[in-house]
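Coordinate inspection notes
For reference, the chains in residue letters:
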Amino acid sequence: MIQSVRGTKDILPDAISNWHLIEDVFRNISTLFGYEELRTPIFEKTEVFSRSIGETTDIVNKEMYTFTDRSGESLTLRPEMTAAIARSILQNSLLDAGTSLRIWYFGPLFRYERPQKGRFRQFYQYGAECIGSPNPESDAEVIFLAHQLFKSSGIGNYKLLINSLGSDENRLAYRNVLIKYFTSVKSKLSEDSLFRLENNPLRILDSKDEQDRYVIASAPQIIECLNPESKNHFDSVLSNLDASSIDYEISPRLVRGLDYYNHTVFEFQHSSLGAQDSFGGGGRYNGLFSQLGGKPTPAIGFALGVERMLLILENNQTEKQATNKTDVYIVTHTHAQSQFAQILANKLRGRNLKITTDLNRRSVKSQMREANRLGAKYTVIIGENEVLSGNYMIKNMSNGEQVECELDRIMEYEFNIF
RNA sequence: GCGGGCUUAGCUCAGUCGGUAGAGUACCAGAUUGUGGCUCUGGGUGUCGCGGGUUCAAAUCCCGUAGCUCGCCCCA
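Only a predicted model underlies this, so the values are computations on that prediction, with no experimental measurement involved.

Rules used throughout
- Residues numbered from 1 in each chain as written.
- Chains lettered and ligands numbered in written order.
- Predicted model: local features only at pLDDT ≥ 70, side-chain atom pairs only at ≥ 80, totals over all residues.
- Heavy atoms only, no water.
- Patch = residues over 30% accessible without salt bridge, like charges linked within 9 Å, V, L, I, M, F, W, Y side chains within 5 Å.
- Areas by Shrake-Rupley, 256 points an atom, 1.4 Å probe, with all protein chains shown as cover.
- Salt bridge = Lys/Arg side-chain N within 4 Å of Asp/Glu carboxyl O.
- Helix = DSSP H or I, 4+ residues; strand = E, 2+ residues; numbered from the N terminus.
- Buried < 20%, exposed > 50% of the residue type's maximum accessible area, 1.4 Å probe, protein only.
- Phe/Tyr/Trp six-rings, centres within 6.5 Å; stacked < 30°, edge-to-face > 60°.
- Lys NZ or Arg CZ within 6 Å of the ring centre and 35° of its normal.
- Axes fitted to C-alpha atoms, helices over the stretch in contact; angles between N-to-C directions.
- Parallel < 35°, antiparallel > 145°, perpendicular 65-115°, else oblique.
- Left-handed = near helix turned anticlockwise from the far one by under 90°.
- Contact = heavy atoms within 4.5 Å.
- Nonpolar A, V, L, I, M, F, W, Y, C, P; charged D, E, K, R; others polar.
- Pairing = 2+ DSSP bridges.
- Near = heavy atom within 4 Å.
- Polar contact = N/O pair within 3.5 Å; in protein donor to acceptor, adjacent residues only side chain to side chain.

Turning next to a nonpolar patch on the surface. Taken together, Ile 42, Phe 43 and Phe 67 make up a surface patch of nonpolar side chains, about 250 Å² in accessible area. Here Ile 42 is to be found in the loop between β1 (36-37) and β2 (43-45).

With that settled, consider unusual backbone geometry. Trans peptide bonds make up the majority, and among non-glycine residues the majority have a negative phi. Positioned with a positive phi, Asn 157 is a non-glycine residue whose angle comes to about 60°. Relative to the elements of secondary structure, Asn 157 occurs in the loop between α5 (136-153) and β7 (159-164). For Ser 245, which is not a glycine, the phi torsion comes out positive at approximately 60°. Along the chain, Ser 245 turns up in the loop between α9 (228-243) and β8 (249-250). Accessibility expressed as a relative area gives 61% for Ser 245, which makes it exposed.

Attention shifts here to the packing of aromatic side chains. The relative placement of two aromatic rings is captured by the distance of their centres and the angle of their planes. One pass over the full model with this rule turns up 22 aromatic pairs. Measuring from ring centre to ring centre gives 5.8 Å for Tyr 65 and Tyr 112, while their planes differ by 75°; the resulting arrangement is edge-to-face. Of this pair, Tyr 65 sits in strand β3 (residues 65-68) while Tyr 112 sits in the loop between β5 (101-110) and β6 (122-131), placing them 47 residues apart in sequence. Centre to centre, the rings of Tyr 378 and Phe 415 are 5.0 Å apart; their planes meet at 80°, and the pair counts as edge-to-face. A residue pair is termed long-range when its members are at least 10 positions apart, and Tyr 378 in strand β14 (residues 378-382) and Phe 415 in the segment after β16 (402-406) qualify at 37 residues. By the burial criterion, Tyr 378 is buried, and Phe 415 matches it. Taken together, the aromatic side chains of Trp 19, Phe 26, Trp 104, Phe 106, Tyr 124, Tyr 126, Phe 150, Tyr 158, Phe 266, Phe 268, Phe 279 and Phe 302 make up a single cluster linked through ring pairs. The ring centre of Tyr 112 lies 3.9 Å from the NZ or CZ of Arg 121, which sits over that ring.

The next point concerns the packing of α5 against α9. The geometry of α5 relative to α9 is characterised by a closest axis approach of 8 Å and an angle of 40° between their N-to-C directions. In terms of orientation, α5 lies oblique with respect to α9. Relative to α9, the crossing made by α5 is right-handed. Contacts between α5 and α9 involve Pro 136, Glu 137, Asp 139, Ala 140, Ile 143 and Phe 144 from the first element and His 233, Ser 236, Val 237, Asn 240 and Leu 241 from the second. Classifying every residue of the contact of α5 with α9 by side-chain character gives six nonpolar, three polar and two charged.

Across the eight residues that make up strand β9 (residues 262-269), a large majority, eight, are buried. Where β7 meets β9, six bridges bridge the pair, whose relative direction is antiparallel. Paired with Leu 161 across the two strands is Glu 267, which belongs to β9. Here β9 runs beside strand β10 (residues 278-284); their pairing, made up of six bridges, is antiparallel. Residue pairing in the sheet places Gln 269 in a bridge with Ser 278 of β10.

Once that is clear, we can look at the protein's contact with RNA strand B. Around RNA strand B there are 48 residues in total, and Arg 111, Arg 119, Arg 196, Arg 203 and Asn 385 lie nearest to it. Within 4 Å of the protein, the contacting atoms of RNA strand B are 56% sugar and phosphate, with bases supplying the remainder. Contact distances for RNA strand B include 3.5 Å between a sugar or linking oxygen and a backbone N or O atom of Gly 305. Within the side chain of Glu 386, a nitrogen or oxygen atom sits 2.7 Å from a base nitrogen of RNA strand B. Contributing elements (two or more residues each) for the surface near RNA strand B: α3 (58-62), β6, α7 (191-199), β10, α13 (364-373), α14 (384-389) and β15 (391-396). For the surface near RNA strand B, the element with the most residues is α13, which contributes seven residues. In terms of residue class, the surface near RNA strand B is built from nine nonpolar, 19 polar and 20 charged.

See the structure below:
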């Protein structure tokens, strides 16, 4: 049997209703906040990602699906969206100076990783980007948006962690302070963290290793390296959140993986997710547009892992409520009535009723059973007698009552499908 | 890239000491000759992941391999 590619999965009809629910929330709430949808291709020139995400990150180093096309150009299935969105904004000149551009997106991303709970090689993200404002109210706005998305889709009990990396200079200064500190306690670090010390020392702060955590506890914090403007910006973001009663936890060790982040960074965590407890995250990326060849443009955004959101939802849903897949099931006694059944079905569909007919020429009993299984509120029963008399049986499936109805009047029959 | 667990019917799983596979559920048929649910009766629908080895005999023991899953790394 041919199987789907490792780390990819089919979204089966049984699971689709939660996807629809969450996609509706994405569209409706984003619109309420004045965000417009932007769809970009699922592959880009490789440099879109290699120039923005960071050469030392695992995403660029070992997780990209990169290939050369027939013209010899290096292309990559998008491993994240922000860089692609920025590319599109620059290419299409969507940004007017002095105003804000509000964009949201939804779609599949691709990373070559070992799959585990809440992690796939093809996975979906929703994201929102607020471009053009350096001010703390835009930081707050995107967090309000995320908050409302969770509220509307029924996700509660999550934790918002927030931190500031400061300006690029602050970040660099902190990096040096950290290298100095961790080098001094090198002997106590785990093997992984020794590697991080060479490549991405900030990430040591995120280590899950017990011993590392002990060392990390007394590491210098980035707050100490922030200049006054950065500190002001951060404080102001927090006060905006306070004013709107958004709960958060300042997490001095939150650094996030992508190189383009500066100033505010944040992450949403939920305890029901297993090892990957983060189901969304974002931050400010004032340097990204210039890295991609545009004018320096302040921006902030976040992304949500849709499969992880669905995991949270499924955890909350104790029982799946049976959805009725059809309103009226048309039962035919023999195959001879199937044309009549289909004519009737199409007429009733014109009344916006969900109609199912039998396609397998099964017994009346089987058809009734299926009608029941599909949650049909009514069956219309057609047999030889009905064809001769021009009358049809309409059976109410919840109380078993049957009435005879003339063909001409079946279009007026009041089906109570609620 | 590394480590643990798992793989038997459509699904969830049992299978003892090696003796050629079973339960629940789903499904189909009948009881009810034109009518669902509830009940009863009957029906097994299988490449025991795959390949090799040991053996008179392998779902079971050994070796290899693939897939799934959870974790590490990293990230949504």
